[in-house]
Amino acid sequence: GAVVSQHPSRVICKSGTSVKIECRSLDFQATTMFWYRQFPKQSLMLMATSNEGSKATYEQGVEKDKFLINHASLTLSTLTVTSAHPEDSSFYICSARDSSRTGPLPSYEQYFGPGTRLTVT
Amino acid sequence: EDQVTQSPEALRLQEGESSSLNCSYTVSGLRGLFWYRQDPGKGPEFLFTLYSAGEEKEKERLKATLTKKESFLHITAPKPEDSATYLCAAPGVDYKLSFGAGTTVTVRA
């Protein structure tokens with residue numbers, strides 16, 4: 001259980017083009033998903049929180065017009081890197097919180113996707 | 001502000017040499033303390049959630065424990081396939097995770 005997928009796993013694009021990355025929760029509903037970026041040998045850096053049916057909230061310093069997030073269903077969030085440049089090359093990882101679990105307390109556990117390696121040439 | 005600190009940064013072990021990783025935390029209202037394993041070029045894999053002091057959880061050669069201020073991940077008789085970066089994290093009230101910097105474990109055969 002608690003499987004999160006990402007597509008594509010790797011993508012190479014030319015500078016100036018846009019790239020869309022999908023994040024899906026396969027066996028649970030996720031009203032909240034998160035997008036991270038990770039540089040080599042560094043920890044994960046939270047970019048934004050994706051909320052189903054509403055606008056994403058971005059961390060300080062993250063350009064919302066450059067990193068467009070859409071969370072149109074309970075199992076899918078997408079990150080679009082617009083007008084990509086070589087400095088956007090990175091490892092992008094999403095996570096999802098299982099909002100379908102029942103009980104008196106909300107679940108705070110997050111499950112991560114396998115990541116997407118973006119290379120902009 | 002929630003803070004999570006891991007030590008050591010790196011750990012080199014001989015196969016079979018047991019050891020422990022430390023995660024100290026300062027959070028306002030613990031909503032769980034999570035341990036993840038991350039292999040190079042992959043997303044973090046969920047290992048454990050601990051909720052209250054005294055709680056312990058085990059999975060194969062790994063055992064996680066929790067006190068009021070820190071958590072330990074014990075690796076018993078590690079094998080080379082246990083080589084990875086181990087991350088601990090604590091969620092805030094907004095569900096955002098505060099991560100430690102991770103401990104990179106290398107197990108030599």
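From a predicted model like this one, the values you see are computed outputs, not experimental measurements.

Quick notes on the confidence of the model for chain A
- Here chain A averages 92 in pLDDT, while 95% of its residues score no lower than 70.
- Highest mean pLDDT in chain A belongs to strand S1 (residues 4-7) of chain A (98); lowest belongs to strand S7 (residues 67-73) of chain A (93).

Digging into the packing of aromatic side chains
- Within this structure, the stated rule accounts for twelve aromatic pairs over all chains.
- When the centroid spacing of 6.3 Å and the interplanar angle of 45° are considered together, the rings of B:Tyr36 and B:Phe99 count as tilted. Placement of B:Tyr36 in strand S4 (residues 33-38) and of B:Phe99 in strand S10 (residues 97-99) is noted, with a sequence separation of 63 residues between them. The same class applies to B:Tyr36 and to B:Phe99, which are both buried.
- Through a chain of ring-to-ring contacts, three or more aromatic side chains come together here, namely A:Phe28, A:Tyr36, A:Tyr111, A:Phe112, B:Phe34, B:Tyr36, B:Phe46 and B:Phe99.
- Residue placement shows A:Arg97 over the ring face of B:Tyr95; its charged tip is 3.8 Å from the ring centre.

Examining the pattern of salt bridges
Residues and elements named next belong to chain B.
- Using the criterion set out here, one finds eight salt bridges over all chains in the structure.
- Lys63 is the salt-bridge partner of Glu56, the closest N and O atoms lying 3.8 Å from each other.
- Classification of Glu56 as partly exposed rests on a relative accessible area of 48%.
- Residue classification places Lys63 among the partly exposed positions, given a relative accessible area of 27%.
- Across the salt bridge formed by Arg61 and Asp82, the nearest N and O atoms sit 2.7 Å from each other. Of this pair, Arg61 sits in the loop between strand S6 (56-59) and strand S7 (62-66) while Asp82 sits in the loop between strand S8 (70-75) and strand S9 (84-91), placing them 21 residues apart in sequence.

Describing the pairing of strand S5 (residues 45-51) of chain A
Residues and elements named next belong to chain A.
- For S5, the buried fraction is high: five of the seven residues fall into the buried class.
- Where strand S4 (residues 32-38) meets S5, six bridges bridge the pair, whose relative direction is antiparallel. Across the sheet, residue Tyr36 finds its bridge partner in S5, namely Leu46.
- Hairpin geometry of S4 and S5 is characterised by an intervening segment of six residues between the two adjacent antiparallel strands and by a positive phi of about 60° at Lys41.
- Two elements, S5 and strand S6 (residues 57-58), share two bridges in a ladder whose sense is antiparallel. Opposite Ala48, over in S6, you have Tyr58 as the bridge partner.

Cut-offs and rules
Residues numbered from 1 in each chain as written. Chains lettered and ligands numbered in written order. Predicted model: local features only at pLDDT ≥ 70, side-chain atom pairs only at ≥ 80, totals over all residues. Heavy atoms only, no water. pLDDT = per-residue confidence, 0-100. Helix = DSSP H or I, 4+ residues; strand = E, 2+ residues; numbered from the N terminus. Phe/Tyr/Trp six-rings, centres within 6.5 Å; stacked < 30°, edge-to-face > 60°. Buried < 20%, exposed > 50% of the residue type's maximum accessible area, 1.4 Å probe, protein only. Lys NZ or Arg CZ within 6 Å of the ring centre and 35° of its normal. Salt bridge = Lys/Arg side-chain N within 4 Å of Asp/Glu carboxyl O. Pairing = 2+ DSSP bridges.

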